[in-house]
Amino acid sequence: MKVLLRFFGFLFAAGTIVFVVGVAGVAGLLWHFSKDLPDYSQLQDYEPPVVTRVQAADGSLVAEYAKERRLYIPIQAVPKLVIHAFLAAEDKNFYEHGGLDFSGILRASLSYIQNYGTNRRPQGASTITQQVAKNFLLTNEVSFKRKIKEALLALKIERTYSKDKILELYLNEIYLGFGAYGIASASLTYFDKSVHELTIAEAAYLAALPKGPNNYNPFRQRERAIERRNWVIDQMAQDGFIKVADAEKAKRQPLNVVQKPTGVRIFAAEYFAEEVRRELYDRYGEKKLYEGGLSVRTTLDTHYQMLARKALIDGLVRYDEVHGWRGPVQKIDISGDWGVKLADVKALADVTPWRLAVVLETGDQSARIGLQPDREPGGAVSSERPIGIIPLEGLKWAKVQNKVPTKASQVLSPGDVIYVEPMSTPGQYRLHQIPEVSGAIVVMDPHTGRVLAMVGGFSYDQSQFNRATQALRQPGSSFKPIVYAAAIDNGYTPSTLVLDAPIEIDQGPGQGVWEPENYEKNFYGPSTLRFGIEHSRNVMTVRLAQDIGMPLIAEYAKRLGVYDDLPPYLSFALGAGETTLLRMVTAYSMIDNGGRRIKPTLIDRIQDRYGHTIYKHDERVCEGCDAAKWNNQPEPTLIDRSQQVLDPMTAYQMTSIMEGVTIRGTAAGMERDLGRPVAGKTGTTNDEKDAWFVGFTPNLAVGVYMGYDKPRHLSFPGGATGGRVSAPIVKEFLKDALAGTPPVPFRVPPGIKLVRVDLKTGMRAGPGSQKVILEAFKPGTAPPDNYAVVGATSDSYQGGSYSPAVSPDADRAVRSTGTGGLY
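Quick caveat, the model's predicted, so the values are computed rather than measured.

A. A look at the layout of surface pockets. Considering only enclosed or pocket space, the second largest pocket measures out at about 980 Å³ in volume. Lining the second largest pocket are 44 residues, with Ser-477, Tyr-519, Ser-536, Thr-684 and Thr-721 sitting closest to its centre. Taken together, the elements giving at least two residues each to the lining of the second largest pocket come down to strand 22 (679-684) and helix 21 (722-737). Broken down by element, the lining of the second largest pocket gets its largest block of residues, six residues, from helix 21.

Shown next, in the form of structure tokens:
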């Protein structure tokens, strides 16, 4: 008996020693791994990378920018269905355990023993809390060391944070495939839905993804994906989260993944979106742009944007097709399956409704084509091979060697890869080619500077260079209104006469003599300022610039934002300096709005991830808007403190003159065709390398320029002037944009007098006047009673009327000085 007692005593002592040593060993092990644990308190101030979202003025999504596409959603906003799906899939005891699930650890241990030596990845037993510890604080290393640290951190996290906080961190951090981080982003990416709209089957599929998104890819691993989804649905039913009948119904549903596009969401807005991205990058830097979760409300009007793109593309194509057919995109072998070969040809993605096609056979009256097949979501080429016809009328524009084709075979041959566009008759297509010429269009609210639409070229997919903001081009005669505005703001009137006659400018030692010419190579003698703008007279503009001085013109060019520092050379009065389309539209907008300074902007407001406004374009002050309650006080008023850069009356006089451009000038007929007041100015540079038109209505300013990226001569029937190639683009846009709206007259500022004058002479209209207009005059000014001509000598008058100087010496004097003040 004593021996037995001693034996049990020995066992107890030995067991105690082993226990103490074991506890000490475990304690030492825990101390060893605890001393270098990451600081888990950082979870309290966790700010995950969140996607920056750019929206149009109507709230529609334009683009998203992110390194990790994540939309943070608080746990209170997560539907119970989604929570139950993830708990069933990942950690059904989440709300019961203290951070570690010991039953799960036991299962994983047994599995490890069974699979030891098989090179299989050990089965995980991590709770959601452990996954939070791993995802936020540790690495993905597969080792016992990492698992021990993970467990220790999980216990600490559970003691520090609530279950809801831990689950919120998990649901917003996990990667779920296709670049989506967190459930809110994944819901949009896979199903184009918010989390509140998910069905049982959809929520279960998302909950199946944390184990390995690539393993359950809905396109490449579809069967495995459905199997895993159905397993999650069974777990939800088994755990009592859903009814068995609902689970069976959900498992029968197909896996319908509707991937949300990841690029620019609004068709034709690529140039606009990229300009916004650049501004955000310059303003806040890369980290805040791609991780800061900014909410950016832009000025983009989606309707105007579509119309602007259509008008510009139509104009570029119209110009390009005048020059005939240049040939196919490329040639392919059409033997065998032509669809696969055509699918490998890269098509421009932003020229819809154009699409690539290959010519299969040609005849006299038509060509049979095969359209580029679509690709399945997984990347495979669709088995469908759509066929179409190009009738002869669909390619008659495609002149070859300057001859209009009479047979389709004269233009196309089998194997030609071409662009086509559907015609009104089903199955018939029109031939197209990518224009060589390019250009841009800008649409602006003249009262605020808000850019409502912007297209920087034919195709963003072809060239990301934004010709509206980055292309420095000579504005040519479209700069003349700034010259004339400077003159009228300093004492001249629309009826002031300026000599339109040959002039020679001595440019200094060794520089030779400059002899500016009018576009038509003719001269009209003394002409009004109005005539000089309406008919874009170069020589008149040079004489006027001589009279008022280039420093004054440079000052007005700076005020109106066209140039920052205009050189004081007379050629710059004719638009020889380089500027951008956006700057020109901004300048015209200031004339339109009565002379108030505006700053062009593509962004209305920027908010940070917490909803705080960190930028607002509208700088007007609202007096009375902060009243706590209504006590019969005056209504709130908006105060515009923007600078007056041009006298309002000068602005209206220039508007009236430029309205004449669209009535009887270089853009004649535009106002008549649109049936509403329109003002504007054409511009054509030397050798017709650039063609401009900038115009406006009382509430909308639009500018267009056209030219080759490497400037060269433009050719067009009748001349490639701004009035012939650019003004029609503006007219097409305004016609569609303002359709259904009543005409609005230009606002006449107080103090302006409207006087009947003779259009030709600018003097007060009399009984014998043939063409009479209402001219705008400021107080203290009136139509001239006799000729006083800028740029003429006193010898140029005989009997009160102008005639060319008789003496060759006198003529030389007029041509060399070109000035002499007002006479």
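B. Just the side chain of Ser-478, in detail. Among the structural elements, Ser-478 can be located in the loop between strand 13 (451-455) and helix 14 (480-488). Given a relative accessible area of 0%, Ser-478 falls into the buried group. A polar side-chain atom of Ser-478 sits 2.6 Å from the main-chain carbonyl oxygen of Pro-475. Not counting the four nearest positions on each side in its chain, Ser-478 is found in contact with Met-584, Tyr-588, Lys-681, Thr-682, Gly-683 and Trp-692.

C. Structural context of the environment of Val-678. Along the chain, the position of Val-678 falls in the loop between helix 20 (670-674) and strand 22. Its relative accessible area of 0% is what places Val-678 among the buried residues. Those residues in contact with Val-678 that lie beyond four places of it in its chain are Met-658, Glu-659, Thr-662, Met-670, Glu-671, Phe-696, Thr-697, Leu-734 and Phe-746.

D. A look at the sheet that holds strand 23 (residues 691-697). Judged by pairing direction, the sheet is antiparallel, and its five strands sit side by side in the order 13-12-24-23-22 without closing on themselves. If you trace the sheet from one side to the other, it starts and ends with strand 13 and strand 22, each paired once. Sheet twist, expressed as the mean angle between neighbouring strand axes with direction ignored, is 5 degrees. With seven bridges connecting them, strand 23 and strand 24 (residues 700-707) associate as antiparallel partners.

E. Representation of the sheet that holds strand 18 (residues 603-607) in the model. Pairing is mixed in the open sheet, where five strands are placed in the order 2-1-5-18-19. At either margin of the open sheet sits one strand with a lone partner, and together these are strand 2 (61-65) and strand 19 (613-616). Between one strand axis and the next, the sheet turns through 15 degrees on average, direction left out of account. Taken together, the three bridges between strand 18 and strand 19 define a ladder with antiparallel strand orientation. Bridging from a neighbouring strand, Ile-606 pairs with Tyr-615 of strand 19.

F. A look at the pattern of salt bridges. For the structure on display, the rule yields 41 salt bridges. Close ionic contact of Arg-712 with Glu-436 constitutes a salt bridge, the shortest N to O distance being 3.2 Å. Taken together, the residues span a long stretch of sequence, with Arg-712 in the loop between strand 24 and helix 21 and Glu-436 in the loop between strand 11 (429-432) and strand 12 (438-444) at a distance of 276 residues. Classification of Arg-712 by relative accessible area gives partly exposed; the value is 39%. Taking the relative accessible area as the measure of exposure, Glu-436 reaches 45% and is therefore partly exposed. A salt bridge links Glu-775 to Arg-530; the nearest nitrogen and oxygen atoms lie 2.7 Å apart. Of this pair, Glu-775 sits in strand 26 (residues 772-777) while Arg-530 sits in helix 15 (residues 529-534), and the two are 245 residues apart along the sequence. According to the relative accessible area criterion, Glu-775 is buried, its value standing at 2%.

Calculation rules
Residues numbered from 1 in each chain as written. Predicted model: local features only at pLDDT ≥ 70, side-chain atom pairs only at ≥ 80, totals over all residues. Heavy atoms only, no water. 1 Å grid on protein atoms, 1.4 Å probe; cavity = no way out; pocket = protein on both sides within 12 Å on 5 of 7 lines; lining within 4 Å. Points joined across faces, edges and corners; volume = space filled by probe spheres on them. Helix = DSSP H or I, 4+ residues; strand = E, 2+ residues; numbered from the N terminus. Buried < 20%, exposed > 50% of the residue type's maximum accessible area, 1.4 Å probe, protein only. Polar contact = N/O pair within 3.5 Å; in protein donor to acceptor, adjacent residues only side chain to side chain. Contact = heavy atoms within 4.5 Å. Pairing = 2+ DSSP bridges. Axes fitted to C-alpha atoms, helices over the stretch in contact; angles between N-to-C directions. Salt bridge = Lys/Arg side-chain N within 4 Å of Asp/Glu carboxyl O.

Everything listed here is a matter of coordinates, which is why it stays silent on function.
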